[in-house]
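# Analysis of the macromolecular model
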Amino acid sequence: MSTAIMIKVCSAEITREDKKFTKMDLYASLAIGKQHNETKNCRGGNANPTWNETLKFTLSKDKDINVEVWDGSFGDDVLIAEGKVVAPDMSKLGSRKSVWMNLFFEKKPAGKILLEIFPEEPEKKKEVTVKKQIPVAEPEVKNEDLGAIKQQLK
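Presented here is a report on the structure given in the accompanying data block. (Residues numbered from 1 in each chain as written. Predicted model: local features only at pLDDT ≥ 70, side-chain atom pairs only at ≥ 80, totals over all residues. Heavy atoms only, no water.)

### Brief notes about the pattern of salt bridges
Under the criterion given, the structure shown has five salt bridges. In this structure, the salt-bridge partner of K56 is E120, at a minimum N-O distance of 2.8 Å. Residue K56 is found in strand β4 (residues 50-59), and its partner E120 is found in the loop between β8 (108-119) and α2 (143-153); the two are separated by 64 residues along the sequence. The exposure class of E120 is partly exposed, given its relative accessible area of 34%. (Salt bridge = Lys/Arg side-chain N within 4 Å of Asp/Glu carboxyl O. Helix = DSSP H or I, 4+ residues; strand = E, 2+ residues; numbered from the N terminus. Buried < 20%, exposed > 50% of the residue type's maximum accessible area, 1.4 Å probe, protein only.)

Here it is, written out as structure tokens:
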């Protein structure tokens, strides 16, 4: 059985120290199994980007949420940090779960990212109110009346 989940990528605190990365336009890349989604670049967010973007996934047997944070400010994107967390059981979760996930680069701590995980809300059906329709009679115009109408319009 598969379950639709939503993951809100809130923000990150990158602690990886590297003199090459003084100005960063970071984005987050999330994958569950073969599904893959990305946030937009946080322009000028540097080591503390805020995205507040919600991404949709379907959980089946793959439950690992793989997260990578990339710098997209220099032509070729550069991996800044990555991590993994197991998606919570949505049937036991109820509503939302906030998770600060640790990030690493080459097995060294590189920061953390805040995710909110929650079940997809069912689409609300719009109620349509139908008012009682009153039939309107079409006026009946005969050919001989057309001549009189034309005369009046002149």
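Past the structure itself, the notes keep going.
### Observations concerning the packing of aromatic side chains
Aromatic ring pairs are defined here through the distance separating the ring centres and the angle between the ring planes. Under the criterion given, the structure shown has zero aromatic pairs. The side chain of R96 reaches across the aromatic face of F118, ending 3.8 Å from its centre. Of note, K112 hangs over the ring of W100, and the distance from its end group to the ring centre comes to 4.7 Å. (Phe/Tyr/Trp six-rings, centres within 6.5 Å; stacked < 30°, edge-to-face > 60°. Lys NZ or Arg CZ within 6 Å of the ring centre and 35° of its normal.)

### Regarding the pairing of β4
Every second residue of β4 is oriented toward a common face, the buried set being W51, E53, L55, F57 and L59 and the non-buried set T50, N52, T54, K56 and T58. In this sheet, β4 lies alongside strand β1 (residues 3-14) in antiparallel orientation, the contact comprising eight bridges. From the neighbouring strand, K8 faces β4, where its bridge partner is T54. (Pairing = 2+ DSSP bridges.)

### Things to note about the environment of W51
Positionally, W51 belongs in strand β4. Residues W51 and S11 lie 40 residues apart in sequence; the distance between their C-alpha atoms is 5.8 Å. If we ignore the near neighbours within four places in the chain, the residues touching W51 are V9, C10, S11, A12, L26, Y27, A28, T39, K40, C42 and I113. A polar atom in the side chain of W51 sits 3.4 Å from the side chain of T39. (Contact = heavy atoms within 4.5 Å. Polar contact = N/O pair within 3.5 Å; in protein donor to acceptor, adjacent residues only side chain to side chain.)

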